[in-house]
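Examining the three-dimensional arrangement
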Amino acid sequence: MAILGLLAAPWVGFLAIALKPSPRQMWAQRWPTITFVGLYQLALDKCVEIHGLEHLPTAGSVILAGNHINKSANDAMLMGSKILVERGCLAKFVSQADPPDRILKHFLRLMGNAEGVILPIQEGMTTDTMIQFLQHPEVFGRQQAILGVFPAGSADSDFAAHLNRPWHTSAAVAACETGTPIVPFYIEGLPCNWGPFEMLKAASRSFAGSKALNFKIRLGSPMLPGPGETEYVRLTERVRQA
């Protein structure tokens with residue numbers, strides 16, 4: 001039916017598909033997010049597997065924290081789209097605000113508004129904004145706050161090097177300050193240097209029938225900080241070892 005709708009009225013049909021998982025939340029998004037989610041549903045959902053979805057709470061705020069494998073944040077977009085399709089909730093991922101690639105920088109700026117899927121890193125303000133999002137998701141156009149964080153900061157193709165790099169404690173700080181559980185994740189199956197155009201090519205191949213990638217998401221059991229806990233480094237280390 002989705003394909004027939006596209007053939008009859010391409011732009012209207014595509015918009016309807018993109019908005020379908022959560023019309024109110026998706027209507028507030030900028031065009032790069034709407035385009036990605038539409039393409040994801042048409043072509044890429046079959047290329048993405050998620051295991052352990054039962055560990056993701058169905059209500060209340062939650063932090064997702066794990067490894068980062070793509071320099072253009074396509075891993076965040078794929079993961080967020082899968083959760084959107086499965087749960088109807090639009091996640092928000094912490095991301096760099098000023099990447100060297102001009103096209104990526106433009107996309108991140110468009111998607112980095114309050115209702116958007118990106119929470120841009122701002123020196124001295126990022127953790128406070130994370131806490132505000134977790135405590136008041138309605139301000140950001142959400143009923144449930146799902147916040148994605150890559151504690152290692154930048155992406156790596158070498159998992160061992162990624163794991164051994166110092167991890168930032170911002171996710172642990174936000175969790176402890178708000179009493180929010182952290183759900184650790186592990187992702188694999190996406191080339192590190194794939195940018196927006198490579199994802200578009202992958203969507204075209206998948207739409208034609210081939211499986212262009214095999215992206216896997218594994219969610220672990222939630223980690224709930226204890227009352228008054230301030231051992232941010234220790235909690236971060238638990239997430240790293242999960």
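Read on for an overview of the structure. (Residues numbered from 1 in each chain as written. Predicted model: local features only at pLDDT ≥ 70, side-chain atom pairs only at ≥ 80, totals over all residues. Heavy atoms only, no water.)

**Some points on the pairing of strand 6 (residues 182-188)**
Filter applied, for reference: For every residue, the accessible area obtained with a 1.4 Å probe (protein chains only) is divided by the maximum for its type, and the residue is called buried under 20%, exposed over 50%, and partly exposed between those limits. By definition, any uninterrupted DSSP run of H or I lasting at least four residues is a helix, any uninterrupted run of E lasting at least two residues is a strand, and each is numbered from the N terminus. Between any two strands, pairing holds if DSSP finds at least two bridges.
Strand 6 sits mainly inside the fold: five of its seven residues count as buried. As paired strands, strand 2 (residues 62-66) and strand 6 are joined by four bridges and run parallel to one another. Paired with A65 across the two strands is P184, which belongs to strand 6. Strand direction decides the pairing type here: strand 6 and strand 7 (residues 215-219), joined by four bridges, are antiparallel. Considered in strand 7, the bridge of Y186 is made with R218.

**Quick look at the environment of H55**
Under the convention used in this document: The contact criterion used is simple: two residues touch if any of their non-hydrogen atoms lie within 4.5 Å.
Within the element layout of this structure, H55 appears in the loop between strand 1 (48-51) and strand 2. Relative accessible area serves as the criterion here: at 24%, H55 is assigned to the partly exposed category. Sequence-wise, H55 and G220 are 165 residues apart; in three dimensions their C-alpha atoms are separated by 6.5 Å. The contacts of H55, once residues within four sequence positions are left out, are V183, L219, G220, S221 and P222.

**Side note on the nonpolar core**
Side chains of nonpolar character tend, in soluble globular proteins, to be buried together. Note the threshold: Throughout this description, the term nonpolar core refers to a set of buried Ala, Val, Leu, Ile, Met, Phe, Trp, Tyr and Cys residues connected via side-chain atoms within 4.5 Å.
Core analysis: the biggest nonpolar cluster contains 48 residues, and L64, L78, M79, L213, F215 and L219 have the highest contact counts within it. Ignoring any residue separated from it by four or fewer positions in sequence, one finds F215 in contact with C47, V48, E49, I69, D75, L78, M79, I187, E188, G189 and L190. Core analysis: the second largest hydrophobic core is formed by 23 residues, I131, V149, A171 and A174 among them.

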